[in-house]
Amino acid sequence: MLSQLSEMIWADWIWFPEGHGWADLTDHDDVVFPKPRDLWACIPIALCFLVIRQIFERTVALPIASLLGVTDKQRVRASPNPVMESYFCSTSKNPTQSSLESLSKQTGCSVRQVQRWFRRRRNQDRPSKLKKFREASWRFTFYLLAFFAGLAALIDKPWFYDMKRMWDDFPKMPLLPSQYWYYMIELGFYVSLLVSVASDVKRKDFKEQIIHHVATISLISFSWLVNYIRGGTLIMVVHDASDYLMESAKMFNYAGWRKTCNFMFILFAAVFIITRLVILPFWIIYTTLVYPLTLYPTFFGFYFFNGLMLVLQTLHIFWAALILRMVVKFLPGNEIVEDERSDKEETESEDETENREQRGKSRNGHVQNGHTPLNNNHRKAD
């Protein structure tokens, strides 16, 4: 039963154009082709990345952070309060006005004190600037090395200059050692990112990041299985071209190097738009989605591969919109770039602002638990 199901799933006509199949990927005369079992190599590579990352963040990222002047601001911790802690953990981190009043009565604190407690408690859960810097420096290092390694593996290949050449003699294209290691290292890295995503800094596009990692892993794995390796290497090098610039902008942001951060972010935005919104859709996706129609009849594998490509392209458009919003925000005032995906820390200055508002209200009457009494608009008797 299982063998029959496996034969149906991996039937030649599903994954290859008519006249081709898995038999074309049989090694012969010292010519090697990709094998499904090769993908298991990404597991030990991913584990190595997880270990190397911990060593890198402690021995390399921390000294660099110190050199660039990255320091963590001392946070005021919320005082122990079982009632509010229970509400924070089980109900909501951002209580409504009615909940604030209820908690005020239960704890004997004023509404202002309850608000301040929740603000400080939320800040305790937010990652420190140093943690963000360490993560960014790790990704920067990998993406930078991966980009130049990808260029080195592709620079002498004809399909790097004429992308239609990626289909020459498909699927009987031999596997090169440089392609093997480039694929396994990239795949292992994205598997490690998927494993560590729960402990990494959570941003507003957390769900999109998960979708991106899963789509990327699926795309790399599938392109390996059916020998779309030439196209796969082009896709990976295009992605790595801008990622290290973004991570470097984050590093300078956390260090407070405003002008350097802004310059790197503008450079990143330009490279991102050129590679993800021009080269990828109009050159690479065109060559995988449109050009093959002139060579082969369509088949399921064709739709599956290009479906994953379109998922990635949709995410690129989403991120491009965020990037352009950030560019528009900081250019007029020459302000430092803020990553809109990040959860911004709340400061104690917000307490001061709200206190001034409360004092303004108190001119018309006493404030009780954050609210002005109902008769505060009546004139006092002379």
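The coordinates are above.
Please read all numbers here as calculations on a predicted model, not as lab measurements.

(A) Structural view of empty space enclosed by the protein. Counted according to the given criterion, the structure contains 4 cavities of 30 Å³ or more. Space inside the second largest cavity adds up to approximately 120 Å³. At 5 residues, the largest contribution of residues to the lining of the second largest cavity is made by helix α11 (residues 229–255). Partitioned by chemical class, the residues of the lining of the second largest cavity number 8 nonpolar, 4 polar and 2 charged.

(B) Molecular detail of the nonpolar core. Counting residues in each nonpolar core, the largest one holds 81 residues, and the members touching the most others are Y228, F265, I284 and M309. Looking at this core, the elements that each hand over two or more residues are α2 (12–15), α3 (42–68), α7 (129–154), α9 (177–196), α10 (206–225), α11, α12 (258–289) and α13 (300–333). Filtering out sequence-adjacent residues up to four positions away, M309 remains in contact with L219, I235, L280, I284 and I285. Counting residues in each nonpolar core, the second largest holds 10 residues, with A78, Y87, V114 and W117 among its members.

(C) Up close: the packing of α3 against α9. Contact geometry for α3 and α9: axes closest at 8 Å, N-to-C directions at 60 degrees. In terms of orientation, α3 and α9 fall into the oblique class. Of the two possible hands of crossing, α3 and α9 adopt the one that is right-handed. On α9, the residues that touch C42, I45, A46, F49, L50 and R53 of α3 are M184, I185, L187, G188, F189, V191, S192, V195 and S196. Looking at the contact of α3 with α9 residue by residue, the classes come out as 11 nonpolar, 3 polar and 1 charged.

(D) Highlighting the packing of α11 against α12. In the contact formed by α11 and α12, the axes pass within 8 Å of each other and the chain directions differ by 165 degrees. On the basis of the axis angle, α11 is roughly antiparallel to α12. Considering only the axes of α11 and α12, their crossing is left-handed. Of the residues in the contact of α11 with α12, the class split is 18 nonpolar, 6 polar and 2 charged.

(E) Summary view of unusual backbone geometry. Looking along the chain, the bond that leaves F170 and enters P171 is cis, with omega of 0 degrees. As for its position among the elements, P171 is in the loop between α8 (158–161) and α9. Within the chain, D29 stands out as a residue other than glycine whose phi angle is a positive 50 degrees. Within the secondary structure, D29 is located in the loop between α2 and α3. The class for D29 is exposed, based on a relative accessible area of 71%. At D30, a position not held by glycine, the phi torsion is positive, near 65 degrees. Mapped onto the secondary structure, D30 falls in the loop between α2 and α3.

(F) Summary view of the packing of aromatic side chains. What the rule picks out here adds up to 38 aromatic pairs. Between F142 and Y143, the aromatic rings sit 5.9 Å apart at their centres with planes inclined by 70 degrees, giving edge-to-face as the arrangement. With a relative accessible area of 9%, F142 lands in the buried category. Residue classification places Y143 among the buried residues on the basis of a relative accessible area of 7%. Each residue in the set W10, W15, F16, W22, W167, F170, F222, Y228, Y296, F300, F304 and F305 is aromatic and connected to the rest through ring pairs, giving one cluster.

Reading the values: the criteria
- Residues numbered from 1 in each chain as written.
- Predicted model: local features only at pLDDT ≥ 70, side-chain atom pairs only at ≥ 80, totals over all residues.
- Heavy atoms only, no water.
- 1 Å grid on protein atoms, 1.4 Å probe; cavity = no way out; pocket = protein on both sides within 12 Å on 5 of 7 lines; lining within 4 Å.
- Points joined across faces, edges and corners; volume = space filled by probe spheres on them.
- Helix = DSSP H or I, 4+ residues; strand = E, 2+ residues; numbered from the N terminus.
- Nonpolar A, V, L, I, M, F, W, Y, C, P; charged D, E, K, R; others polar.
- Core = buried A, V, L, I, M, F, W, Y, C linked by side-chain atoms within 4.5 Å.
- Buried < 20%, exposed > 50% of the residue type's maximum accessible area, 1.4 Å probe, protein only.
- Contact = heavy atoms within 4.5 Å.
- Axes fitted to C-alpha atoms, helices over the stretch in contact; angles between N-to-C directions.
- Parallel < 35°, antiparallel > 145°, perpendicular 65-115°, else oblique.
- Left-handed = near helix turned anticlockwise from the far one by under 90°.
- Phe/Tyr/Trp six-rings, centres within 6.5 Å; stacked < 30°, edge-to-face > 60°.

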